[in-house]
Amino acid sequence: MATPREIRRRIRSVRNTAQITRAMEMVAAARMRRAQERVRSARPYATQIRAMIAALSDLGAAVDVSQFPLLQHRPVKKAQLILVTADRGLAGALNSNVIRRALRFIHEDAGVPVEMVAIGRKGRDFFARVGQNMTAEFTHLGPAPTMDQIRPAITLAINDFIEGRVDAVYVVYTRFINTLQQQPEVLQILPIEAPSDLAESERVRDFIFEPSPEAVLQALLPRYVEIQLYQALLESIASEESARMVAMRNATDNARELIDDLTLTLNKARQAQITREVSEIAAGAAALGG
Amino acid sequence: MRPTKLSVEVVTGERVVYAAEDVDMVVAPGADGQLGILPRHAALFTLLSAGEMRVKKGAAEQSLVVFGGFLEVANNRVLVLADTAERVEEIDIERAETARQRAQSRIADRSVQWDLARAHIALQRSNVRLRVAGRHRSRRGSHPPGQPEP
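Keep in mind that this is a model prediction, so the values were computed, not measured. (Residues numbered from 1 in each chain as written. Chains lettered and ligands numbered in written order. Predicted model: local features only at pLDDT ≥ 70, side-chain atom pairs only at ≥ 80, totals over all residues. Heavy atoms only, no water.)

Colleague: Kindly report on the environment of Gln-19 of chain A, identifying the contributing residues and their values.
Modeller: All names here are of chain A. By secondary structure assignment, the location of Gln-19 is in helix α1 (residues 4-58). On the accessibility criterion, Gln-19 (53% relative accessible area) is exposed. Considered as a pair, Gln-19 and Ala-255 are 236 residues apart in the sequence and their alpha carbons are 9.3 Å apart. (Helix = DSSP H or I, 4+ residues; strand = E, 2+ residues; numbered from the N terminus. Buried < 20%, exposed > 50% of the residue type's maximum accessible area, 1.4 Å probe, protein only.)

Have a look at this one:
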């Protein structure tokens with residue numbers, strides 16, 4: 001059995017770890033709240049852009065949908081997958097779950113060669129390790145990325161799509177359901193599946209479009225792609241922080257349990273030592289008196 | 001009867017920049033020139049260019065800068081979906097000035113291959129920011145309407 005001194009050292013070290021994980025849990029909780037708030041803030045813009053596209057692509061006779069490259073469906077011979085992961089680990093199974101989803105997409109769902117783009121260090125590192133080629137990588141976007149920061153990724157995807165290097169673009173990210181649940185998900189961002197909303201198209205029938213409905217739609221489409229990727233990124237960040245919060249809470253709980261166990265062991269060891277010393281003294285006294 | 005007024009909302013992908021009720025007039029940089037919107041305006045959806053947007057409410061006026069995006073008017077509601085937007089009091093003059101100088105030196109500097117298109121955009125943006133901020137600061141005292149975002 002370990003000596004009481006060793007056990008005490010062990011307890012101190014576990015207690016330090018618990019302090020760190022507890023602090024990380026609280027940081028993650030605060031960041032998660034802010035990240036959720038950002039997800040909410042991005043919604044009005046996204047909703048409105050989607051509604052206008054729905055309305056415009058439904059106008060049918062007024063707008064010729066076939067002249068917009070971003071709406072063009074063609075046989076898919078090559079796909080691009082944008083993988084959104086966290087830059088940091090210690091977030092439970094979050095990163096491995098989304099990477100596993102990406103692998104399943106590449107090997108099963110896609111059925112065609114897939115080109116990778118990584119957003120976030122963990123995904124980049126994984127695909128670099130397994131030797132998969134990556135077209136581009138974007139890391140260290142921080143806890144509050146702006147739309148300007150993801151524009152290069154969008155420009156890349158849109159150009160690759162328009163110039164025919166890929167025929168479809170997907171994003172795999174972690175959808176934030178609630179604090180305890182995050183779900184990896186694949187979302188097609190190109191070609192744009194024009195959302196359909198009859199109520200909305202009824203509403204815009206009498207709109208004046210300046211300079212023209214075509215020009216407006218032309219300008220709206222890339223923004224839609226952009227906001228979809230941006231929302232995926234924001235949701236992934238909210239997921240990351242809540243997964244980290246839960247992971248760190250579990251770690252803190254485990255550390256406390258371990259401390260309790262170790263304290264028990266320590267007391268037993270201490271008592272054993274006392275018993276041994278007493279019996280040694282008693283034996284010594286008996287020998288002298290005998 | 002209460003006279004008809006406008007409600008205004010300016011949103012970007014990141015946040016709600018500005019929101020106000022009971023507005024008398026909105027002036028915005030439309031793609032085809034300055035655009036004035038009064039209550040009972042016809043339903044309109046237009047592209048925006050970069051420039052100043054003004055919201056008039058009684059004697060007060062709130063000024064914003066917007067850089068591209070869309071403006072929708074329907075049922076006395078003005079909704080701006082901007083690529084980037086700031087309220088005038090949020091403009092960081094020092095930063096805009098630095099950005100302007102950097103962009104100018106990059107455009108002037110022929111020895112290095114700077115991304116000229118980007119430098120020109122940066123120059124245009126900082127010029128708009130400085131112009132709007134400068135004008136606003138020279139006529140202080142008008143209280144901006146609307147509730148600033150928390």
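Resuming the write-up.
Colleague: Would you mind going over a negative patch on the surface in detail, with residue names and values included?
Modeller: A contiguous patch of negative charge, built from Asp-253, Glu-257, Asp-260 and Asp-261 of chain A, is present on the exposed surface. Relative to the assigned elements, Asp-261 of chain A resides in helix α6 (residues 213-289). (Patch = residues over 30% accessible without salt bridge, like charges linked within 9 Å, V, L, I, M, F, W, Y side chains within 5 Å. Areas by Shrake-Rupley, 256 points an atom, 1.4 Å probe, with all protein chains shown as cover. Salt bridge = Lys/Arg side-chain N within 4 Å of Asp/Glu carboxyl O. Lys, Arg positive; Asp, Glu negative; His and termini not counted. Charge placed at Lys NZ, Arg CZ, Asp CG, Glu CD.)

Colleague: I'd love a proper account of the pairing of strand β5 (residues 44-57) of chain B, names of residues and values included.
Modeller: Here strand β6 (residues 208-210) of chain A runs beside β5 of chain B; their pairing, made up of three bridges, is parallel. Residue pairing across strands places Glu-210 of chain A opposite Thr-46 of chain B, the latter belonging to β5 of chain B. As judged from the four bridges shared by strand β3 (residues 25-30) of chain B and β5 of chain B, these two strands associate in the antiparallel manner. By the bridge assignment for β5 of chain B, Gly-30 of chain B is matched with Leu-48 of chain B. (Pairing = 2+ DSSP bridges.)

Colleague: Can you explain the domain arrangement of chain B? Please cite residues and give values.
Modeller: Residue and element names in this part refer to chain B. Domain boundaries in chain B define domain 1 (6-88) and domain 2 (92-140). Each of domain 1 and domain 2 has a C-alpha centre, and the two are 23 Å apart. Taken together, the ten residues of domain 1 in the interface contact ten residues of domain 2. Buried surface at the junction of domain 1 and domain 2, summed over both partners, amounts to about 920 Å²; 56% is from carbon and sulfur atoms. Contact with domain 2 buries area across many residues of domain 1, yet Glu-52, Phe-67 and Val-88 alone supply 54% of it, more than any other trio. Linking domain 1 to domain 2 there are one salt bridge. Between Glu-86 and Arg-129 there is a salt bridge, and its shortest N-O distance comes to 2.7 Å. Listing elements by their share of the side of domain 1 that touches domain 2, those giving two or more residues are β5, β6 (60-74) and β7 (77-87). Among the elements that take part in the side of domain 1 that touches domain 2, β6 stands out by supplying four residues, more than any other. Residue composition of the side of domain 1 that touches domain 2, grouped by class: four nonpolar, three polar and three charged. (Domains from an automatic or database assignment. Contact = heavy atoms within 4.5 Å. Buried area = accessible area lost by both parts, 1.4 Å probe. Nonpolar A, V, L, I, M, F, W, Y, C, P; charged D, E, K, R; others polar.)

Colleague: So what's going on with the pattern of salt bridges? Which residues, and what values?
Modeller: When the charged atoms of two side chains with opposite charge come close together, those side chains can pair. What the rule picks out here adds up to 25 salt bridges over all chains. The salt bridge involving Asp-83 of chain B is made with Arg-223 of chain A; its shortest N-O contact spans 2.8 Å. Taken together, the residues Asp-83 of chain B in strand β7 and Arg-223 of chain A in helix α6 connect one chain to another. Of the residues examined, Arg-223 of chain A reaches a relative accessible area of 18% and is grouped as buried. Sharing partners across several salt bridges, the network here consists of Asp-148, Arg-151, Arg-223 and Glu-226 of chain A together with Asp-83 of chain B.

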